Structures are given as structure tokens and as C-alpha cells.
Amino acid sequence: QQQQQQQRGKHFAQVPQSQWSTQSNPRCTQLGYGGSSCSTPCCSVPHHGTNYPLNSQNAVIGNAMGEYKELYLYGVSSVDDGGLSGEDAYRAVCRRAAVGNGDDEEDDTRPKCVSDWAGTDYNPLTNNCNTFTSTVLKCVFGLSDDKPDLGVSDLVTVDCPEERRSGGGSGAGVEEQRG
């Protein structure tokens, strides 16, 4: 199936549910983005830290339907070998969220990567959970931002500032939830 996806220009492989539905060891990070009334950068990027089991149907955004969860593999990353973790990805897209919160590692001088991910920045067509997923895949992990056919909720082609791309072979598994 992976070969078929790549032949059609896709750079991911769907992981059969039978392979991930029994994976209850909580070692994953789940990221998401959804609309809300908050206006602080990254206030609408909830995430489950490294304690999220792969087989969980719980979602970080309220309108996702976990029973329809699908999992796609884009690559692999080993934190032990210097790769990026899900928490690293969260920090990379939310680097501006720390402004004013006393975070010693804030760096507001880097260019904005697509959005500030505030709840009020949300737009169902142009700045949504699929735009967020594309940003993480392309701008943080340096992977393709191709996703399965998600229709009008996936219209944006993400452009990353050059210095934000990690390049070099890091990867991620990404779950898509249609909501």
C-alpha cells in the first residue's frame, strides 16, 4: 500500500488499525489545533504530552470523532539518535506562546511559521487542524505535507520559513481525525 500511495504522489502510508489498535503503552505525543475565543499565541494548541497511548480515541480537539481515527506513517524519528520528539514539535510551532510567560527560551525574533495558533486565528477553510498538521509535518519535521483526501478542510499549501525546516530525515506518525 505504501508503494501505491507514493506512486500517486503521496508520501505517507496508512497504518492498518489492527497494527495500532492494541498499542496501549502511553509513549506518544498528540498535538492538535482548534478554534476558541482565546487570542494568546498557541492558546488553542492542546496536546497530550508523552503519555498518550497510540490506540486512544481521545482527541485534543472537541469536534474530532475518535471512533473514525486513522493513522498514517510519514517517517520515523528516534529521540535517542538526535531526532525530534512530539514535545519538540510542540515547542517549535508554539515558540511565540511563551512571550510574557517567563519562559527563558522564548525567541520572538524568528519568523512566524504560518500562524500564531491562537483560537481567534482559526478559520475552517484556511487555518484549521489540517493546516496545523501540514505545518508540523513540513516546517518542523521536514516531511511532505501531503495528507489523505480531506476535501475543503485541507486547501492550504504551507510555506515554511527556511530556518524553521529541520530537513534531514526526522519523521512522525500522524493521526487524522475527521470532525
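Here, the structure is the one placed above.
The rules we used
- Residues numbered from 1 in each chain as written.
- Predicted model: local features only at pLDDT ≥ 70, side-chain atom pairs only at ≥ 80, totals over all residues.
- Heavy atoms only, no water.
- Helix = DSSP H or I, 4+ residues; strand = E, 2+ residues; numbered from the N terminus.
- Buried < 20%, exposed > 50% of the residue type's maximum accessible area, 1.4 Å probe, protein only.
- Contact = heavy atoms within 4.5 Å.
- Areas by Shrake-Rupley, 256 points an atom, 1.4 Å probe, with all protein chains shown as cover.
- Phe/Tyr/Trp six-rings, centres within 6.5 Å; stacked < 30°, edge-to-face > 60°.
- Expected span 1.5 Å × (residues − 1).

Trainee: Mind showing me how you'd approach the overall build of the protein here?
Mentor: Assigned secondary structure in the protein consists of four helices and five strands. Ordered by position in the sequence, the α and β elements of the protein form the string α-β-α-β-β-β-α-α-β. Classification of the 179 residues of the protein by burial places 39% in the buried group. By sequence separation, contacts in the protein at least 24 residues apart represent 70% of the contacts at least 6 residues apart. When the accessible surface of the protein is totalled, it reaches about 9,600 Å², and 44% of it is carbon and sulfur.

Trainee: Just to check I follow, could you spell out unusual backbone geometry for this structure?
Mentor: Of all residues except glycine, most have a negative phi; of all peptide bonds, most are trans. Here the phi dihedral of Cys42 falls at roughly 65°; this positive angle occurs in a residue that is not glycine. A relative accessible area of 7% means that Cys42 is categorised as buried. One non-glycine residue with positive phi stands out, namely Trp117, at about 60°.

Trainee: Sorry, what's going on with the packing of aromatic side chains here?
Mentor: Describing an aromatic ring pair means giving the distance of the ring centres and the angle of the ring planes. On inspection of all chains with the given rule, the structure shows six aromatic pairs. Here the aromatic rings of Tyr33 and Trp117 are separated by 4.9 Å at their centres, their planes lie at 75°, and the arrangement is edge-to-face. Of the two residues, Tyr33 is situated in the loop between strand E2 (26-31) and strand E3 (47-53) and Trp117 in the loop between helix H3 (86-93) and helix H4 (129-140); the sequence distance between them amounts to 84 residues. Summarising the burial analysis for this pair, Tyr33 and Trp117 share the class buried.

Trainee: Just to check I follow, could you spell out H4 for this structure?
Mentor: Every α-helical turn comprises 3.6 residues, leaving residues that sit three or four positions apart pointing alike. The end-to-end C-alpha separation of H4 is 16 Å, in line with the 16 Å expected for twelve residues at 1.5 Å each. Those residues of H4 not exposed but buried are Asn130, Thr131, Phe132, Thr133, Ser134, Thr135, Val136, Leu137, Lys138, Cys139 and Val140.

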